[in-house]
Structure formats: C-alpha cells, structure tokens
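Coordinate analysis (summary)
Chain residues, written in single-letter form:
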Amino acid sequence: MQSTVPPPPKVSYKSLFGLPVIVAALGYFVDIYDLLLFGIVRVPSLKDLGLNDEQISRVGANILNWQMGGLLIGGILWGVLGDKRGRLSVLFGSIITYSLANIACGFIDRVTFMDPTDYYAAMRFVAGVGLAGELGAGITLVSEVLPKQLRAIGTSLVAGVGLFGAVVAYFTVELFNWQNAFLIGGAMGIGLLLLRIGVIESGMFTQVSEQKHVQKGNFFAFFTNWERFSKYMKCIGIGLPTWFVIGILATFSNEFGLAFGIAEPVKPGLTIMWCYIGLAIGDLASGVISQGLKSRKQAVSLLMGFTLVVSLIYVYVAPKTVMGLYMYFLAMGFGIGYWAMFVTIGAEQFGTNLRATAATTVPNMVRGTVILMTSLYAYLKPSLDIVNAGVAVGIISFAIGFYSILTIPETHGKDLNYLEE
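Residues numbered from 1 in each chain as written. Predicted model: local features only at pLDDT ≥ 70, side-chain atom pairs only at ≥ 80, totals over all residues. Heavy atoms only, no water.

1. So, the side chain of Ser253
Here Ser253 lies in helix H11 (residues 253–260). Ser253 gets classed as buried once you look at its relative accessible area, which sits at 0%. What Ser253 contacts, discounting residues up to four positions off in sequence, is Ile248, Val266, Pro268, Thr271, Leu325 and Phe329. (Helix = DSSP H or I, 4+ residues; strand = E, 2+ residues; numbered from the N terminus. Buried < 20%, exposed > 50% of the residue type's maximum accessible area, 1.4 Å probe, protein only. Contact = heavy atoms within 4.5 Å.)

In structure tokens form, the structure reads like this:
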C-alpha cells in the first residue's frame, strides 16, 4: 500500500541571509562592542580623569554596577515594550539610546558642570538601559520570521557574528584613544539604525497585536503561574555558568595568574577578548550541534559539560604561561558558546504575547547575577583563597545550570505561534 504521508517541506537556507538576520547580527555586534568597552577602557579613562589606583578600583566598580543596573531595568523595559509595541520598536529605541550614551561618554573629560565620574556613571547607566534590549529583540524577531527548522542556526549566526564585537572593541582601544573608541561605537550604532529602516515586523506579533483582548508584555505574568515561573527561573539558571566564566574567571584572571605563579602580568582585557573569540565560534557551532541532535537540551548540556571540565583543569592543573592561560579561555569561551541556544530557549518557552519579555529579561537577569557572583567571590577570598573562592562560586553556578537545563522542557521544532493564557 502506497504511503499517503506527504514529504516534509523543503527549507530554503536563503532566509538565513535575509535582512532580519543580518541586521540582528550586526546589532548584537555593536551591542557587545559597547557592553564590554567600559571594562576595556576603565583604567586609562579614569587615569585621564586624575584618579589614583585605589580610586580607579572603587569608582570603576561603582560605574560598572551602574551599567549592570541599567541592564536589569532596561531588560524589563524593552521586554515589555517588545511585546506591547513590537520587536522593531525595541530594535530602534534601544540602539538610539545606547548610541547617544556612548557618544556622550566620548566627551567625559570635557565635562565641567558636574563631577565627571558621576556623569560617567550616569551615561553608563543610560547605555546599559539601551544595551539591554538588543539581543532579546533580535533573537525574538529572528525566531519568529525563520522556519522552525532553521531557528537554531539563525539565532547562532546572530550571536556568533555579534560576539566578535568584543574583539573589535579591544583592537579599537589599542589603535585609538578611549574617547574615540566611545565615539566609534556611537557612530556604528547610528549607521546600523539607518540599515534597520528596511526590516519588517514579525508576522506573529502583527497577528497578536490585532487581538485587543490578549494581554501582552505583562512581566508579572511570570510570577502568577507556577509552571511559567519555574520555566522562567530555569531559563535564567541555564545562563549562570556563562557569566561565571566571564564575570569571575576572565575578569579576575590577573588575580588567578598571580595565584598560579605566572611571572608575566595577565591582562584581563586580553583574557576577555580570547574568551569571546571562543564564545563566537561556540555560538556558531551550537546551532549546528542542536540541529544535528534535534535537541536544544542535549546541545547545551554537552557544551556546559565541556566548560565544566575545562574550568576544573584550569584551576587544578594551572597554566604556567600567560599564553597558556589565554588558550584556556579560548576553550572555555567555546564551551559557553551555548549563549545563543540559551537565549533561544528563553524565547521558545513562552507564547507570542510574552516572548519578547522573556527573551529580553532572561539574559539581562543573568548579567545582573554578576553582582552577586563578584560579591560572593570577594567575601570568600579572605577565608579561602583566590582559587578556592572562585571554585565555590563555580560549584553553585554549574549546579544550578545543570539542574535547569536537564529539567526544562525541550523546545526543538516547537511551533511558536501560540499565546500565554
């Protein structure tokens, strides 16, 4: 008897190179450039403002916390706006906000109407608010416009291309002064804004926007239903190991270098650059791995497990040279390259009326946990030591991460055209 089951529809890979994917990838590129730029120029910019080493450490940490606070607030703001007003409203509004803030940062040394460091903190807060919207809105838009068979590859392309912004940020600071590095970031954002004019809105959002009775972008809806709350917290939990590697191991790599007995000084900025090179490669690979395994959970679990193994070797079989340390971070960066899958999982777990809110707030909640991680690390260092304090923070991060990915629902091939009641 001849089978009557129709063959699966052919999928055209041309859509991977459409304007929504290209613009989202370039947007994340500029986003990462601007997000990491302060960490790279922190010391030279504050030195030029006349601060000594103790003040640079204290004031720099305060400015960074203002930026991270902006990310937390902006994550909620843009996420809600993305579900209420559309994905494109966020892509336009966020880039205008952080581009203007970065241009303003280029003139900090000329500020006379208030304390320049207070102005610096205020502008990094505004930049953080703007930067919070870029990735979530881009991933949401790409997830909704691509066929489900290509979602993993499409979102991986966005994140993989975007993460090379960290490399460009490092070399921009090396080639130019810190003021021009901020101005270049702002100029790239304005240029990208013009490119976005031709991007169309997600069809799924357009359909939902016409249904006036549907409640859209209600952030508190994640906390009024146990199943939704559980999925939301697990989405955040999956991302914790990524920022443990970046926020603790990479950011404080100079401290770990001293603890390992490495004679040559370790440059945290260079460590972060190598980490993000690995991260970009890992993000590009994670989509292919997910597609091949037909599972988001298995792909993330494999990469998270790889990161755990490399991290343990790093702290217990310590590198002996600076370049050896950087190569560890290239490998760890590849492992945490499940970042794209992590954000995609956050977008796929929830209906169209909450999808942008989830995809935008989840990664920024994870970024916000860096404040908790660094505080715990600082608290534990006197009683333990640098290495064991880092290990303790890592144990918590990986335990939550593995529990979250192993217990969250699978979303590979899931139809996203549905609503949250």
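2. Regarding the nonpolar core
Membership of the largest hydrophobic core comes to 122 residues, with the highest contact counts inside it found for Tyr120, Ile238, Tyr276, Tyr314 and Trp339. Ranked by residues supplied to this core, first place goes to helix H1 (residues 19–48) with 15 residues. If you count residues domain by domain, this core takes at least three from each of domain 1 (16–203) and domain 2 (218–412). Contacts of Tyr314, omitting those with residues within four sequence positions, involve Leu249, Phe256, Phe260, Pro319, Leu325, Tyr328, Phe329 and Met332. (Core = buried A, V, L, I, M, F, W, Y, C linked by side-chain atoms within 4.5 Å. Domains from an automatic or database assignment.)

3. As for a nonpolar patch on the surface
A surface patch of nonpolar side chains, about 460 Å² in accessible area, is lined by Val309, Leu312, Ile313, Tyr316 and Val317. With respect to the secondary-structure elements, Val309 resides in helix H13 (residues 296–316). (Patch = residues over 30% accessible without salt bridge, like charges linked within 9 Å, V, L, I, M, F, W, Y side chains within 5 Å. Areas by Shrake-Rupley, 256 points an atom, 1.4 Å probe, with all protein chains shown as cover. Salt bridge = Lys/Arg side-chain N within 4 Å of Asp/Glu carboxyl O.)

4. Looking at the side chain of Thr271
With respect to the helices, strands and loops of the structure, Thr271 is situated in helix H12 (residues 268–293). A distance of 2.9 Å separates a polar atom in the side chain of Thr271 from a polar atom in the side chain of Ser253. Among residues more than four places away in sequence, those in contact with Thr271 are Ala250, Ser253, Val266, Leu325, Tyr326 and Phe329. (Polar contact = N/O pair within 3.5 Å; in protein donor to acceptor, adjacent residues only side chain to side chain.)

5. Thoughts on the environment of Phe182
The topology assignment puts Phe182 in helix H8 (residues 178–195). Among the residues examined, Phe182 registers a relative accessible area of 0% and is labelled buried. Considering only alpha carbons, one finds Phe182 and Thr172, ten residues apart in sequence, at a separation of 9.5 Å. Discounting chain neighbours no more than four positions away, the residues touching Phe182 are Leu37, Val41, Asn102, Ile103, Cys105, Gly106, Tyr120 and Arg124.

6. Some details on helix H4 (residues 116–131)
Helix length check: H4, at 16 residues, gives a terminal C-alpha distance of 22 Å against a target of 22 Å (1.5 Å per residue), a fit within 8%. Residues Thr117, Tyr119, Tyr120, Ala121, Met123, Arg124, Ala127, Gly128, Val129, Gly130 and Leu131 constitute the buried set of H4. (Expected span 1.5 Å × (residues − 1).)

7. Some remarks on unusual backbone geometry
Positive phi values are uncommon outside glycine, yet Lys294 reaches one of about 55°. Tracing the sequence through the fold places Lys294 in the loop between H12 and H13. Lys294 sits in the exposed class, given a relative accessible area of 58%.

8. Description of the packing of aromatic side chains
Evaluated as defined, the whole model comprises 21 aromatic pairs. Site record: aromatic cluster; members linked through ring pairs are Phe252, Phe256, Phe260, Tyr314, Tyr328, Phe329 and Tyr377. The ring of Phe350 carries the charged tip of Lys231 above its face, separated from the ring centre by 5.2 Å. (Phe/Tyr/Trp six-rings, centres within 6.5 Å; stacked < 30°, edge-to-face > 60°. Lys NZ or Arg CZ within 6 Å of the ring centre and 35° of its normal.)

9. Considerations on the pattern of salt bridges
Taken as a whole, this structure holds three salt bridges when the rule is applied. Two residues, Arg367 and Asp31, come together in a salt bridge whose shortest N-O distance is 3.9 Å. Of this pair, Arg367 sits in helix H16 (residues 355–380) while Asp31 sits in helix H1, and the two are 336 residues apart along the sequence. Residues Arg367 and Asp31 agree in their burial class; the two are buried.

10. Describing the packing of H12 against helix H14 (residues 322–335)
Viewed as axis vectors pointing N to C, H12 and H14 meet at an angle of 30°, and their least axial separation amounts to 6 Å. The angle between the axes of H12 and H14 places the two elements in the roughly parallel class. Both H12 and H14 take part in a crossing whose hand is right-handed. Mapping the contact onto sequence places Leu270, Thr271, Trp274, Cys275, Ile277, Gly278, Leu279, Ile281, Gly282 and Ala285 in H12 and Leu325, Tyr326, Met327, Phe329, Leu330, Gly333 and Phe334 in H14. Across the contact of H12 with H14, the residue classes tally to 13 nonpolar, four polar and no charged. (Axes fitted to C-alpha atoms, helices over the stretch in contact; angles between N-to-C directions. Parallel < 35°, antiparallel > 145°, perpendicular 65-115°, else oblique. Left-handed = near helix turned anticlockwise from the far one by under 90°. Nonpolar A, V, L, I, M, F, W, Y, C, P; charged D, E, K, R; others polar.)

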